[in-house]
Amino acid sequence: EATGPSAWLLDEVTDLSQVTHTVTMNATFSSVMLGYNATVPAGVEAYNARGVEDGYVSLVEVAKEGEVIPANTPVILYRTNDATSKVFTYTTNPATSVPTETVLGGSLYQKFVKCDGEKDYYKLMIKDGVAKMYWMYKEFNAAGESLGENNGGHIKCSANKIYMALPTVQGAASYGMRFVG
């Protein structure tokens, strides 16, 4: 059926500037992972997370407005103006910087990520107006069925989103954000 829930509509892209991804940033922080080099829009800075220190995620800048985020790189976004709709556009330009050390993972499509038993997993959430990386239950199985709290061994990572994985010994309920470097 052409309009059913499994319908695909394909359009040929002849102008690569038409390849975009919009992130709605209702809060100061958000995240993204794209399968192509993308230009950072106005009012946004992109950060890598190298680890945690004193209860905070250490954020190091990857790219700012007009610069390029590398393909397949999970980043935390920081909004620097009031506009909430941010459009990332495909580019053939080289990435501004390529993070080599990160505690972030991500997916280009909704995925149930198998958890390492020696790590805790976190996702970016806004609670009471504060952005933090909050601990995630390993509640899903590989097929995406919820088995309750920590019974499944997998976490859910939404399309074009990120997660953070840390050794369990560092485990905490949440981590704030701190810009470094």
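Residues numbered from 1 in each chain as written. Predicted model: local features only at pLDDT ≥ 70, side-chain atom pairs only at ≥ 80, totals over all residues. Heavy atoms only, no water.

Trainee: How should the overall build of the protein be read in this particular structure?
Mentor: In terms of helices and strands, the protein carries 0 helices and 15 strands. Compactness check: the protein gives a C-alpha radius of gyration of 17 Å against a globular reference of 16 Å for 181 residues, within 12% of the reference. Taken along its principal axes, the extent of the C-alpha atoms in the protein is 50 × 50 × 30 Å. Counting every position in the protein, which comprises 181 residues, the buried fraction comes to 39%. Within the protein, residue pairs in contact and separated by at least 24 positions form 73% of the contacts whose partners lie at least 6 positions apart. Looking at the protein as shown, the accessible area adds up to about 10,100 Å², and 48% of this sits on carbon and sulfur atoms. For the protein, the distance from the average position of its 14 positive side-chain charges to the average position of its 19 negative side-chain charges is 5 Å. (Helix = DSSP H or I, 4+ residues; strand = E, 2+ residues; numbered from the N terminus. Rg over C-alpha atoms; globule rule 2.2 N^0.38 Å. Buried < 20%, exposed > 50% of the residue type's maximum accessible area, 1.4 Å probe, protein only. Contact = heavy atoms within 4.5 Å. Areas by Shrake-Rupley, 256 points an atom, 1.4 Å probe, with all protein chains shown as cover. Lys, Arg positive; Asp, Glu negative; His and termini not counted. Charge placed at Lys NZ, Arg CZ, Asp CG, Glu CD.)

Trainee: Would you mind going over the side chain of Ser58 with me for this structure?
Mentor: Structurally, Ser58 can be placed in strand S5 (residues 56-64). For Ser58, the residues in contact, after removing those within four places along its chain, are Asn48, Ala49, Arg50, Gly51, Glu53, Arg178 and Val180.

Trainee: Just to check I follow, could you spell out the sheet that holds strand S1 (residues 20-24) for this structure?
Mentor: Whenever strands of a sheet pair, they do so through backbone hydrogen bonds, lying parallel or antiparallel. Strand order across the open sheet formed by 4 strands is S1-S8-S3-S6, with antiparallel pairing between neighbours. Edge positions in the sheet fall to S1 and strand S6 (68-69), since each has one partner strand and no second. As paired strands, S1 and strand S8 (residues 85-90) are joined by 5 bridges and run antiparallel to one another. Its bridge partner lying in S8, His21 is registered against Phe88. (Pairing = 2+ DSSP bridges.)

Trainee: Even after reading the chapter, I still don't get the pattern of salt bridges, so can you show me in this structure?
Mentor: If you walk through the whole model with that rule in mind, you get 2 salt bridges. Taking the shortest distance from any N to any O, the salt bridge between Lys64 and Glu61 comes out at 4.0 Å. A salt bridge links Glu67 to Lys64, with the nearest nitrogen and oxygen atoms 3.7 Å apart. The exposure class of Glu67 is partly exposed, given its relative accessible area of 22%. Judged by relative accessible area, which is 39%, Lys64 ranks as partly exposed. Sharing partners across several salt bridges, the network here consists of Glu61, Lys64 and Glu67. (Salt bridge = Lys/Arg side-chain N within 4 Å of Asp/Glu carboxyl O.)

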